[in-house]
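Structural overview for review
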Amino acid sequence: MPQIKVTTFDSPLAGLDVDVLLLPVFENADSASPWEALDEALGGRVGEALGSRPFSGKARSCLAVPLPAGGELGEVLLVGLGKVEELTPTSYREAIASGTSAAVRRNGERIAIAGRDDAAAGAEHAAAATEAVLLSQYRFDRYKKPSKDATQLAELLLPEGAGVGDAIERAQRICRGVAWARDLINLSPSDKRPPALADLVADVAAKVGLRCEIIDEARARKLDMGALLAVAQGSTTGPRLVVLEHAPEAYATQAPVVLVGKGVTFDTGGISIKPSAGMDEMKADMSGAAAVVATMRAIAEIDLPRRVVALVPMAENMPDGDAYRPGDLVTAMNGKVIEVLNTDAEGRMILADALAYGVSEFSPECIVDLATLTGACVVALGEDVAGVMTNNDALSAELVAAGTRVGEPLWPLPMFAEYDKLIESKVGDIKNTGGRWGGAITAAKFLENFVGDTPWAHMDIAGPAYRTKAKPLAPRGGAGFAVRLLVDWLHERDAG
Ligand code: BES
Ligand code: MN
Ligand code: ZN
């Protein structure tokens, strides 16, 4: 991730020493009035662009305004916000992200973003703009160096104001988390097999002051984690269960929120092997794990005042002579016997043991799991929206609300008792697949068997975890979906 310095200014806009100044403009704003002083200093160029050479202000449109030579300010870029009444936190971030990308394409290395022209709160604007800029400029260059003449943003200037410095600092810490999640997802699956991924997580945990414990294969066997071990059987590397804990001194004995993330480092499907087309994307099958560890990093860095534990089961799902097979009966840590009907339904297997361990070891206040669990969820909700399934509607509603605030949409799917029948097994306690229909829900119903009475929500992020096309806030590849959602949810839960 390129290092972008974020600072503030309190001088007049016309005197800013930057390559590009972004001016956010509404579609139905009637004049250049918010920028009167700037316009005057620039000989009326901004007013001209907004008036006689009309700039529509449509959401995410941009227009460069040529300036008289010799000034400090290189260029003004008008950025359309769309209609005032249609503005949302997401549309605002996307407009700023598009404007930033346009500025960088125009060789902007130092840019400034003026405050929104409806006198929005300074700190809120600063946080949103910082996020939009840092997330849109994320690049993954571990295996392919950026071309030498590609411009990279080096510095961002935002208007000074009450609380602005803290808001920027906080947004930077959260975006560091998101970028790390993206990095982990984008890694070659050969570079993040369970032992290696566990070590990568442990290194960062040590750096930011999270307690970290790695449960290896031998330990998992002692703990009777039969479902996690079964999935890992086909791989030449054993599974891992990484435990991270954030417990500020004053909260050391608080019942924690437990986060669980699916960490299948590569999903071939196992003996129920997947078609080869598109299988490369299954390197992203640890996106739930990435979101959870990145959230822990972010809350450690912002010093969140509450206890949170993360459990990250990691396994590689491979076909092999030792692989688990359809028909196998496998006993999970809580004693339930799983009839394996499809080895490609491996995510719910490794989550089963992690959830059971979370409940018995930590007596959590609530437990939230994240997983790229089913293609069925993508069929139901599309690629941009995650599904949420729960035994506690209040918890699910909190998560949906957080998703709306940060622009990471989440939508509930029902958990009627009727679905339970679909996973009843004649030879064991439950089957690991529920047939053709309602696949996202029967997967959630399976997980429900491992959480007891603990308030629990399951987020199926199979759609939004990995982007096949770039969006304003993310290039193609790992999205780091749900890091901002979880941080915001945890923050609000204690604040509200
Ligand atoms: N990792 C996949 C789900 C997935 C599919 C994630 C597409 C992202 C994009 C999961 O392990 C899986 O294979 N699920 C099966 C379940 C089925 C065998 C019951 C599926 O969705 O087909
Ligand atoms: Mn699978
Ligand atoms: Zn999978």
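Residues numbered from 1 in each chain as written. Chains lettered and ligands numbered in written order. Predicted model: local features only at pLDDT ≥ 70, side-chain atom pairs only at ≥ 80, totals over all residues. Heavy atoms only, no water.

1. What about the overall build of the protein?
Just so we agree on the cut-off: The numbering of helices and of strands both runs from the N terminus, where a helix is a DSSP run of H or I of at least 4 residues and a strand a run of E of at least 2. As a reference, a globule follows 2.2 Å times the number of residues to the power 0.38, and the radius of gyration itself is taken over C-alpha atoms. Burial here depends on accessible area, computed with a 1.4 Å probe over protein chains only, as a share of the maximum for the residue type. Under 20% is buried, over 50% is exposed, and the range in between is partly exposed. Any two residues whose heavy atoms approach within 4.5 Å are treated as being in contact. Computed with a 1.4 Å probe, the accessible areas rest on the Shrake-Rupley method; for each residue, only the protein chains presented here act as cover. In this count, Lys and Arg are taken as positive residues and Asp and Glu as negative ones, while His and the chain termini are left out. One atom stands in for each charge, and that atom is NZ of Lys, CZ of Arg, CG of Asp or CD of Glu.
On a plain count of helices and strands, the protein comes out with 14 helices and 20 strands. Here the C-alpha radius of gyration of the protein, 24 Å, is about what a compact globule of 496 residues would show, namely 23 Å. Counting every position in the protein, which comprises 496 residues, the buried fraction comes to 55%. Within the protein, counting contacts between residues at least 6 apart in sequence, those at least 24 apart form 78% of the total. Total accessible area on the protein is roughly 20000 Å²; 50% of this is exposed by carbon and sulfur atoms. Across the protein, the mean location of the 49 positive side-chain charges is 5 Å away from that of the 67 negative side-chain charges.

2. Remarks on the packing of aromatic side chains
Basically, it comes down to this: Pairing of aromatic side chains here covers Phe, Tyr and the six-membered ring of Trp, requires ring centres within 6.5 Å, and sorts the geometry by plane angle: under 30 degrees stacked, over 60 edge-to-face, intermediate tilted.
For the structure shown, the criterion picks out 4 aromatic pairs. Seen from their ring centres, F416 and Y419 are 6.4 Å apart, and the 10 degrees between their planes marks the pair as stacked. By relative accessible area, F416 is classed as exposed at 51%. Arranged with centres 5.4 Å apart and planes meeting at 40 degrees, the rings of F446 and F450 form a pair that is tilted. Residue F446 shares its accessibility class with F450, and that shared class is buried.

3. A word on unusual backbone geometry
In the Ramachandran plot, N107 falls in the positive-phi region, its phi being about 70 degrees despite a non-glycine side chain. The residue N107 is located in the loop between α3 (89–105) and β5 (110–113) in this model. Residue classification places N107 among the exposed positions, given a relative accessible area of 53%. Even without a glycine there, the phi angle at D224 is positive, about 60 degrees.

4. Describing the site of ligand 1
Operational definition: Only heavy atoms are used to decide nearness, and a residue is near a molecule or strand if one of them lies within 4 Å of it. Polar contacts, as used here, are pairs of N or O atoms within 3.5 Å; protein pairs need one atom able to donate a hydrogen and one able to accept it. Residues neighboring in sequence count only if both atoms are side-chain atoms. Polar here means any residue outside two lists: the nonpolar Ala, Val, Leu, Ile, Met, Phe, Trp, Tyr, Cys and Pro, and the charged Asp, Glu, Lys and Arg; Gly therefore counts as polar.
Lining the immediate environment of ligand 1, one finds 15 residues, of which K274, D285, D344, E346 and G375 sit closest. D267 is positioned with one of its side-chain polar atoms (N or O) 2.9 Å from an oxygen atom of ligand 1. In the model, a nitrogen atom of ligand 1 is placed 3.4 Å from a nitrogen or oxygen of the L373 main chain. Residues of the shell around ligand 1, tallied by class, amount to 3 nonpolar, 5 polar and 7 charged.

5. Here's the deal with the pairing of strand β10 (residues 263–267)
Put simply, the test is: A pair of strands counts as paired when DSSP detects no fewer than two bridges linking them.
Of all 5 residues in β10, 5 are buried; the element is thus mostly enclosed. Two elements, β10 and strand β11 (residues 308–317), share 4 bridges in a ladder whose sense is parallel. Within β11, the position partnered with G263 by the bridge is M314.

6. Comments concerning the coordination of the zinc ion (ligand 3)
The condition is simple: With water omitted from the atoms examined, metal sites may look incomplete; donors here are N, O and S atoms no farther than 2.8 Å from the metal, or 3.2 Å in the case of Na, K and Ca. Think of it this way: with four donors and all angles in the 85 to 135 degree range, the site is tetrahedral; with four or six donors, opposite ones beyond 155 degrees and the rest between 65 and 115, it is square planar or octahedral; otherwise it is irregular.
Protein coordination at the zinc ion (ligand 3): the donors are K262 (NZ), D267 (OD), D285 (OD) and E346 (OE), at 2.0 to 2.4 Å from the metal. Each of the 6 donor atoms around the zinc ion (ligand 3) contributes to a set of angles spanning 78 to 176 degrees, which defines the coordination as octahedral. The sequence pattern formed by the donor residues of the zinc ion (ligand 3) is K-x4-D-x17-D-x60-E. The distance between the zinc ion (ligand 3) and the manganese ion (ligand 2) comes to 3.1 Å, with D267 serving as a donor to both metals. Of this pair, D267 sits in strand β10 while D285 is found in the loop between β10 and α9 (287–301), placing the two residues 18 residues apart along the sequence. When sorted by exposure, D267 lands in the same class as D285, which is buried.

7. Points about the coordination of the manganese ion (ligand 2)
Distances from the manganese ion (ligand 2) to its protein donors, D267 (OD), D344 (O), D344 (OD) and E346 (OE), fall at 2.0 to 2.2 Å. Its 6 donor atoms give the manganese ion (ligand 2) angles of 69 to 166 degrees at the centre, a pattern that matches the irregular case. Within one chain, the residues donating to the manganese ion (ligand 2) are spaced in sequence as D-x76-D-x1-E. We classify D267 as buried; its relative accessible area is 3%. Here E346 falls in the buried class, since its relative accessible area comes to 0%.

8. Let's talk about the domain arrangement of the protein
Here is the rule: Bear in mind that the domain bounds are from an automatic or database domain assignment. The quantity reported as buried area is the accessible area (1.4 Å probe) lost by two parts once they are put together, taken as the sum for both. Only one rule defines a salt bridge in this text: a Lys or Arg side-chain nitrogen within 4 Å of an Asp or Glu carboxyl oxygen.
One can read the domain layout of the protein as domain 1 (5–160) and domain 2 (173–495). Between the C-alpha centres of domain 1 and domain 2 the distance comes to 38 Å. Taken together, the contact between domain 1 and domain 2 spans 17 residues of the former and 19 residues of the latter. Taking both sides of the interface into account, the surface hidden between domain 1 and domain 2 amounts to around 1500 Å²; carbon and sulfur atoms contribute 63%. When residues of domain 1 are sorted by the area they lose upon contact with domain 2, L135, Y138 and F140 head the list and together hold 43% of the total. Between the two partners, domain 1 and domain 2, sit 2 salt bridges. The residue D191 makes a salt bridge to R142 at a minimum N-O spacing of 3.6 Å.

9. Details of the sheet that holds strand β17 (residues 430–431)
Across the sheet, which stays open at both edges, the 3 strands sit in the order β12-β13-β17 with mixed pairing between neighbours. At either end of the open sheet lies a strand with only one pairing partner, and these are β12 (329–331) and β17. Pairing geometry for strand β13 (residues 337–339) and β17, over 2 bridges, is parallel. Looking at the pairing, I338 lines up with I430 of β17.

10. A few points about the sheet that holds β5
Sheets are built from strands paired through backbone hydrogen bonds, the pairs being either parallel or antiparallel. Filter applied, for reference: Between N-to-C directions, angles span 0 to 180 degrees; the directions come from axes that are lines fitted to C-alpha atoms, helices contributing only their stretch in contact.
One open sheet accounts for 6 strands, arranged β1-β6-β5-β2-β4-β3; its pairing is mixed. Since the sheet does not close on itself, it has two edges, and those belong to β1 (5–9) and β3 (62–65), each with one partner. Between one strand and the next, the sheet's axes are offset by a mean angle of 25 degrees, whatever the strand orientation. Summarising the sheet, strand β2 (residues 20–25) and β5 pair through 3 bridges and their orientation is parallel. Counted as the bridge partner of L22 is I113 from β5. Helix α4 (residues 122–136) rests against β1, β5 and β6 (155–159) of the sheet, and its axis sits at about 160 degrees to β6.

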